[in-house]
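Notes for the structure review
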Amino acid sequence: MNYTTLAYNIFDTQLLLPETAAAETISMWIGLRLVDGEWMWVNRVQLILVKEQKTWEEALQYCRMNYTTLAYNIFDTQLLLPETAAAESISVWIGLRLVNGEWMWVNRVQVKSLDSLPSCVVPRRRCVAYDINTHTYENRDCSEKLNFLCF
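Residues numbered from 1 in each chain as written. Predicted model: local features only at pLDDT ≥ 70, side-chain atom pairs only at ≥ 80, totals over all residues. Heavy atoms only, no water.

If you look the protein chain up in an unreviewed UniProt entry, it shows as C-type lectin domain-containing protein from Tachysurus vachellii.

1. Thoughts on the state of the cysteines
Scanning all chains against the criterion turns up 2 disulfides. Two residues, Cys63 and Cys150, share a disulfide whose sulfurs are 1.9 Å apart. Every disulfide takes its handedness from the sign of the S-S torsion; for Cys63 and Cys150 that torsion is -70 degrees, giving left-handed. You can see Cys63 sitting in helix H2 (residues 56–66) and its partner Cys150 sitting in strand E8 (residues 146–150), a full 87 residues away along the chain. Residue classification places Cys63 among the buried residues on the basis of a relative accessible area of 0%. For Cys127, the disulfide goes to Cys142, at an S-S distance of 2.0 Å. One quick way to see it: the torsion about the S-S bond of Cys127 and Cys142 is about 100 degrees, and its sign makes the bridge right-handed. Placement of Cys127 in strand E6 (residues 127–131) and of Cys142 in the loop between strand E7 (136–140) and E8 is noted, with a sequence separation of 15 residues between them. Residue Cys127 shares its accessibility class with Cys142, and that shared class is buried. (Disulfide = S-S within 2.5 Å. Helix = DSSP H or I, 4+ residues; strand = E, 2+ residues; numbered from the N terminus. Buried < 20%, exposed > 50% of the residue type's maximum accessible area, 1.4 Å probe, protein only.)

2. Examining H2
Residues of H2 that are buried include every one of Trp56, Ala59, Leu60 and Cys63, and no others. Looking straight down H2, one finds that the buried residues subtend no more than 100 degrees of arc, so they occupy a single side. Buried residues along H2 sit against strand E3 (48–54), strand E4 (91–99), E6 and E8. (Arc of directions from axis to C-beta. Contact = heavy atoms within 4.5 Å.)

3. Describing the pairing of strand E5 (residues 102–105)
In this structure, E4 lies alongside E5, joined through 4 bridges in antiparallel fashion. When the bridges of E5 are listed, Leu98 appears paired with Trp103. As consecutive antiparallel partners, E4 and E5 are separated by 2 residues, and within that stretch Asn100 has a phi angle of approximately 50 degrees, a positive value. (Pairing = 2+ DSSP bridges.)

Structure follows, in structure tokens:
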């Protein structure tokens, strides 16, 4: 089997448990390294704030056509502060939504728990945005038009 990089952006160490259960060593390499005194993931991606008003689906399509996809796997909301400062909406779409009753990132990774997201939602409020004022994730109506973050 061929791999392209080490594991990266692992903020929820619980995600590692199933993958590391059969490990033959106690320690393992992940894709984090010290560069000029700053810890960086091996494939650190740039967050791009798009100052256009789009629904969640429109934002996803825009990101996929012009960049890579909507921003995902962001467990530390402090990483969003510099990028969202210039937003023209009070919240910005990120790549997280409710799929078959489970919160899923656009890369199909299930989110076990985010305190600010309910486990039971109103049907149309199944997409997630980052609230710039409260610095939390919130479920919103997917048809709302907001700015958004791409990778």
